[in-house]
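Descriptive analysis of the structure
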Amino acid sequence: MEIAFSRLDERVAKFTISGVSTSFANMLRRAMISEVPTLAIEDVRIYDNSSVLFDEMLAHRLGLIPLRTDLDRYVRRSECTCEGAGCPLCTATYTLSVEGPGTVYSSDLIPQDPDAAPAEEKIPIITLDKDQKVVLEAHAILNTGKEHAKWQATTACGYKNYPSITVTEKCDGCGMCIDECPRGVLEPGDGKVRVIGGRLELCSLCRLCERACLAGGIGTEPAIHVGADENRFIFVVEGDGSMPAREIIERALQYIQKTSDDLVDVINEITGEGIE
Ligand code: SF4
Ligand code: SF4
Ligand SMILES: [Zn+2]
């Protein structure tokens, strides 16, 4: 297996993974979406709410705010020594007290732990009119996207097969496929069409170029063929700011490794034989 990153910053990672099956690629995608724990607000104690929103709607909006998550600092409530009562090891506490007129933003949520602050400061929660007021206390806990989307660390996470484009001798360089390509992947060259250097990964495998070529009356076979490498995938992972994109990938791979190890242990226990 080989992994090559073409982009890796705080929020976004783009990488190509080679030498794996579609099943593995999909397992990695699903692990990044639904198995990497993050903090999200789960309990809200509302002391005052004279806004136009019901308490439940307000709590729902608070739950969707991404929170910075240090997974070395927090444990799940179900695994905590407090046995589910809620303590600083498993719970991040926030207070909010705002009086209108004005908009209440995520930055108005004051965290007890500054490392668990909202990932974005300018997420609007509600607009308050004159004399309207919201005063509350909120508690965030760790969980995964499998339980609810508010605990998803990714806002976008997907992959596609690595494209492969070949042009046969039948190509007369008419350029119809170039005009049709929505991704600007093709260009004229040496009497034929060719892929622009560095743009192959942008191909969406839509095959409009093949259709354009056939529409030109070339016969039953287009001169350009678009295929997909079955063992090579391009991933794009966008985080919600709760943790760096790199950590989302690492935590997902650790989850896959741990569940694989657990499965081997179970098989060894059943068969009484050792699998390495
Ligand atoms: S498959 Fe679509 S994106 Fe790819 S080269 Fe053809 S027209 Fe462009
Ligand atoms: S449409 Fe067909 S013949 Fe025309 S440039 Fe493209 S591949 Fe070549
Ligand atoms: Zn606890």
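Residues numbered from 1 in each chain as written. Chains lettered and ligands numbered in written order. Predicted model: local features only at pLDDT ≥ 70, side-chain atom pairs only at ≥ 80, totals over all residues.

**What about the overall build of the protein?**
Looking only at helices and strands, the protein features five helices and twelve strands. A globule of 276 residues ought to have a C-alpha radius of gyration of about 19 Å, yet the protein, at 25 Å, is considerably larger. With the C-alpha coordinates aligned to their principal axes, the bounding extent of the protein is approximately 75 × 65 × 25 Å. Counting only residues that meet the buried cut, the protein has 29% of its 276 residues in that class. Once local pairs closer than 6 in sequence are excluded, the contacts in the protein between residues at least 24 apart make up 66%. (Helix = DSSP H or I, 4+ residues; strand = E, 2+ residues; numbered from the N terminus. Rg over C-alpha atoms; globule rule 2.2 N^0.38 Å. Buried ≥ 20, exposed ≤ 12 C-beta atoms within 10 Å, placed from the backbone. Contact = placed C-beta atoms within 7 Å.)

**Structural notes on the sheet that holds strand 6 (residues 110–111)**
With antiparallel pairing, the four strands of this open sheet are ordered in space as 3-8-4-6. Looking at which strands have only one partner, the edges of the open sheet turn out to be strand 3 (38–49) and strand 6. Pairing analysis gives nine bridges linking strand 4 (residues 91–99) to strand 8 (residues 133–143), with the strands arranged antiparallel. Of the residues in strand 8, the one forming a bridge with Thr95 is Glu137. Here helix 2 (residues 55–63) sits on the sheet and contacts strand 3 and strand 8; the angle it forms with strand 3, its principal contact strand, is near 150°. (Pairing = 2+ DSSP bridges. Axes fitted to C-alpha atoms, helices over the stretch in contact; angles between N-to-C directions.)

**Brief notes about the environment of Pro222**
With respect to the element layout, Pro222 can be found in the loop between helix 4 (208–215) and strand 12 (224–239). For Pro222, the residues in contact, after removing those within four places along its chain, are Glu210, Cys213 and Leu214.

**Observations regarding the nonpolar core**
In terms of nonpolar packing, the biggest core is built from 27 residues, with Leu39, Ile41, Leu62, Leu67, Ala138 and Ala140 touching the most fellow members. Elements with a contribution of two residues or more to this core: strand 3, helix 2, strand 4, strand 7 (124–128) and strand 8. Beyond its immediate stretch of four places on either side in the chain, Leu62 contacts Ile41, Val44, Ile125 and Ala138. Ranked by size, the runner-up nonpolar core spans 19 residues in total, among them Ala13, Ala153, Phe233 and Ile249. (Core = buried A, V, L, I, M, F, W, Y, C linked by C-beta atoms within 7 Å.)

**Describing the sheet that holds strand 2 (residues 12–18)**
Taken in spatial order, the four strands make up an open sheet running 1-2-12-9, and their pairing is antiparallel. Bordering the open sheet on either side are strand 1 (2–8) and strand 9 (154–167), each of which pairs with just one other strand. The average undirected angle you get between the axes of adjacent strands in this sheet is 30°. Across the sheet, helix 1 (residues 22–34) lies against strand 2, strand 9 and strand 12, angled at about 155° from strand 9, the strand it touches most.

**Description of the site of ligand 2**
The full set close to ligand 2 counts 15 residues, and Cys171, Cys174, Cys177, Cys213 and Ile224 are the nearest of them. Where the shell around ligand 2 is concerned, the elements lending two or more residues are helix 3 (176–180) and helix 4. Split into classes, the residues belonging to the shell around ligand 2 amount to eleven nonpolar, three polar and one charged. (Near = placed C-beta within 6 Å. Nonpolar A, V, L, I, M, F, W, Y, C, P; charged D, E, K, R; others polar.)

**Describing unusual backbone geometry**
Of note, the amide linkage connecting Gly100 to Pro101 takes the cis form, showing an omega dihedral of 5°. Here Pro101 is to be found in the loop between strand 4 and strand 5 (102–105). The phi dihedral of Asp190 is positive, around 50°, even though this residue is not glycine. Summarising the element assignment, Asp190 is placed in the loop between strand 10 (186–189) and strand 11 (192–195).

**Thoughts on the site of ligand 1**
The immediate surroundings of ligand 1 are formed by 14 residues, with Cys181, Val185, Cys203, Cys206 and Cys209 found nearest. Looking at the shell around ligand 1, its residues break down into ten nonpolar, one polar and three charged.

**Quick word on the domain arrangement of the protein**
Assigned domains within the protein: domain 1 (2–34 + 155–237) and domain 2 (39–146). Each of domain 1 and domain 2 was reduced to a C-alpha centroid, and the two centroids are 42 Å apart. (Domains from an automatic or database assignment.)

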